[in-house]
Amino acid sequence: MIEHPHYWHDPLKDRFNVTIESVIEANGHTFVRIHEPVVKPSGGGQAGDRGFIQINGNTFEFIDTVLIDDEPKLLMKTSPQEKGESILIIDMAWRRAMMRNHTSEHLFVGNMKRKFPTIDLGKIWIDGHHGSVKLIGNPLSVEEILDVESQVQQYIADAIDVQTKIVPASDVDESVRAREGITSKHDVIRIVEVGDLDSSACAGIHVTNTSDIHVFKVIDIKYQDDGTHIEFITSENAVEEIFEVYNAALRRKNSYPFELHQLGAVLDKARNQQEAYEGALQIITQLMTEGPHKERVGEINFWHEYLPGFDANTMRNIMKEIKSDSASIILFLAPGEKTSFVLWTKNMPKDAACYIQDIMIELGGRGGGKKDSFTGGFTDVTNPLNLYQEIVERVRRKIHIN
Ligand SMILES: [Zn+2]
């Protein structure tokens, strides 16, 4: 009869009496082969066990377990010299973190597959720090992923038992998630069931109840050519990360007043300001190297500028400072969440509105003014530079006609 790995049915036992069969030196590393199937080797997208072996009161650490020639071998940090009887101690912090990450992966992917049946599971990786999955198919939106994240957190709160069973490969039907070809490679298949939520062919280690996971948190989403790559953490790693991120905001709450639930808006504002700043730098460079956009239209001086990072008030204040004795029209436009413009006339026979109001209405803007000043704005402008160029062209024609 085949001896199944001990961790398949009792993943929390962490001390074993084992027999060291050989100590192997290869590629500058020391590997130890033990007789008993009690350590989990890396494979199937999951890291191997870590731990210690004790021989005659001396402790030797192993930092991974790898499959070499189909046999699990301990990758040693320090090399024991003797063979024979020893005590093996599993690093349970590492193993338990892997168990939590792995069961979370089943819950997350199982739920994703139910919601989006056309996606396929690509590469996965699980270790004691984090887990990641690649979901092949149409890219999943952040909201879709976060919906499933909160569903997984609900399953954790529901404290659902996780059970494993070993069945003949011929018994595995479509209700079981399994990698293609797996049933033809093995005579018996181990199935991991999370309540009636998910049923998966899997040789890895799992928690025995979803409540052991405590917390599940997605920490990164990357879009790749053929799908979506999602990274997550669980339990104390997740708590630590959430504390760190939350407190990074909390420490700044008084020096830069905002409410914590407005963090998204604060970040949006920072991004907009960064864009405006970069735009303003470009304009300053252009003004310093090429000078202002001033042209003669007939007898009139027409001066127009595109001014990212400015607002209507700032533009009006600049205009007030401009000295000009000749007939002039000045048009400034500032892109932004609301794109605003100011048109100013000097020594012109007609009011400012005469040169801009119709154009603004035709282009879907709003505004008003009197005598020599007219201020207006546009919302939801997808390409403000195009809008600016269009207004300049139309004002130029207007000046010609009038
Ligand atoms: Zn698995």
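Bear in mind the structure is a predicted one, so any value in this text is a computation, not a measurement. (Residues numbered from 1 in each chain as written. Predicted model: local features only at pLDDT ≥ 70, side-chain atom pairs only at ≥ 80, totals over all residues. Heavy atoms only, no water.)

Some points on the confidence of the model for the protein chain
Then comes step 1: In this model, the protein chain carries a mean pLDDT of 92, and residues with pLDDT of at least 70 account for 100%.
Then comes step 2: Taken element by element, the protein chain is modelled with least confidence in helix 4 (residues 182-185), mean pLDDT 76, and with most confidence in helix 3 (residues 142-157), mean pLDDT 98. (pLDDT = per-residue confidence, 0-100. Helix = DSSP H or I, 4+ residues; strand = E, 2+ residues; numbered from the N terminus.)

What to know about the pairing of strand 5 (residues 71-76)
Then comes step 1: Of the pairings in the sheet, the one linking strand 2 (residues 29-34) to strand 5 comprises three bridges and is antiparallel in character. Residue pairing for strand 5: Val32 is matched across the bridge by Leu74.
Then comes step 2: Where strand 4 (residues 58-68) meets strand 5, six bridges bridge the pair, whose relative direction is antiparallel. Each bridged residue has a counterpart across the sheet, and for Asp64 the counterpart in strand 5 is Leu75.
Then comes step 3: The loop that links strand 4 with its antiparallel partner strand 5 comprises two residues; one of these, Asp69, has a positive phi angle of about 50°. (Pairing = 2+ DSSP bridges.)

Structural notes on the sheet that holds strand 3 (residues 51-55)
Then comes step 1: With antiparallel pairing, six strands are arranged side by side around a closed barrel as 1-2-5-4-3-6. When strand polarity is set aside, the average angle formed by the axes of neighbouring strands in this sheet is 45°.
Then comes step 2: Relative to strand 4, strand 3 runs antiparallel, the two being bridged by five bridges. Within strand 4, the residue paired with Gln54 across the bridge is Thr59. (Axes fitted to C-alpha atoms, helices over the stretch in contact; angles between N-to-C directions.)

Digging into the coordination of the zinc ion
Then comes step 1: Looking at the metal site, the zinc ion is ligated by His102 (NE2), His106 (NE2) and Cys202 (SG), spaced 2.1 to 2.3 Å from it.
Then comes step 2: All donor residues of the zinc ion come from one chain, and their arrangement in sequence is H-x3-H-x95-C. With His102 and His106 both in helix 2 (residues 92-115) and four residues apart, this pair spans about one turn of that helix. As far as the burial class goes, His102 and His106 line up, both buried. (Donors = N, O, S within 2.8 Å, 3.2 Å for Na, K, Ca; no water. Buried < 20%, exposed > 50% of the residue type's maximum accessible area, 1.4 Å probe, protein only.)

A few points about the packing of helix 2 against helix 3
Then comes step 1: Where helix 2 meets helix 3, the closest approach of the two axes is 9 Å, and the angle between their N-to-C directions is 125°. One way to sum up the angle between helix 2 and helix 3 is to call them oblique. Crossing angle aside, the handedness with which helix 2 passes helix 3 is right-handed. Residues Leu107, Phe108, Asn111, Met112, Arg114 and Lys115 of helix 2 form the contact with helix 3, whose participating residues are Glu144, Ile145, Asp147, Val148, Glu149, Gln151, Val152 and Tyr155.
Then comes step 2: Looking at the contact of helix 2 with helix 3 residue by residue, the class counts come to seven nonpolar, two polar and five charged. (Parallel < 35°, antiparallel > 145°, perpendicular 65-115°, else oblique. Left-handed = near helix turned anticlockwise from the far one by under 90°. Contact = heavy atoms within 4.5 Å. Nonpolar A, V, L, I, M, F, W, Y, C, P; charged D, E, K, R; others polar.)

Quick notes on the pattern of salt bridges
Pairing between side chains becomes possible if they bear opposite charge and their charged atoms approach one another.
Then comes step 1: In this structure the tally under the stated criterion is 19 salt bridges.
Then comes step 2: Taking the shortest distance from any N to any O, the salt bridge between Lys398 and Asp358 comes out at 3.5 Å. Here the residue Lys398 occupies a position in helix 9 (residues 384-401), and Asp358 occupies one in helix 8 (residues 353-362), the gap between them amounting to 40 residues.
Then comes step 3: Residue classification places Lys398 among the buried positions, given a relative accessible area of 18%.
Then comes step 4: The residue Glu393 makes a salt bridge to Arg397 at a minimum N-O spacing of 3.7 Å. Placement of both Glu393 and Arg397 in helix 9 is noted, with a separation of four residues, approximately one turn of the helix.
Then comes step 5: The structure contains a network of salt bridges with shared partners spanning Glu21, Arg33, Glu71 and Lys73. (Salt bridge = Lys/Arg side-chain N within 4 Å of Asp/Glu carboxyl O.)

Description of helix 8
Then comes step 1: Those residues of helix 8 that fall on the buried side of the exposure criterion are Tyr355, Ile356, Ile359 and Met360. When helix 8 is viewed along its axis, its buried side chains cluster within an angular range of 100° and face the same direction. Among the exposed residues of helix 8, those oriented more than 90 degrees off its buried face are Ile361 and Glu362.
Then comes step 2: Of the residues one or two after helix 8, Gly364 is the one with positive phi, at around 90°. (Arc of directions from axis to C-beta.)

Quick notes on a nonpolar patch on the surface
Then comes step 1: A contiguous nonpolar patch, built from Tyr277, Leu281, Ile284 and Met288 and spanning about 460 Å² of accessible area, is present on the exposed surface.
Then comes step 2: Within the fold, Leu281 resides in helix 6 (residues 263-290).
Then comes step 3: For Leu281, a relative accessible area of 41% translates into the label partly exposed. (Patch = residues over 30% accessible without salt bridge, like charges linked within 9 Å, V, L, I, M, F, W, Y side chains within 5 Å. Areas by Shrake-Rupley, 256 points an atom, 1.4 Å probe, with all protein chains shown as cover.)

What to know about the sheet that holds strand 12 (residues 216-224)
Then comes step 1: With antiparallel pairing, the four strands of this open sheet are ordered in space as 7-8-13-12. Each edge of the open sheet carries a strand with a single partner, namely strand 7 (120-126) and strand 12. Strand-to-strand twist of the sheet, defined as the mean angle between neighbouring strand axes without regard to direction, takes the value 20°.
Then comes step 2: In the sheet, strand 7 pairs with strand 8 (residues 131-136) via five bridges, with the strands oriented antiparallel. Bridge assignment links Leu121 to a residue of strand 8, and that residue is Leu135.

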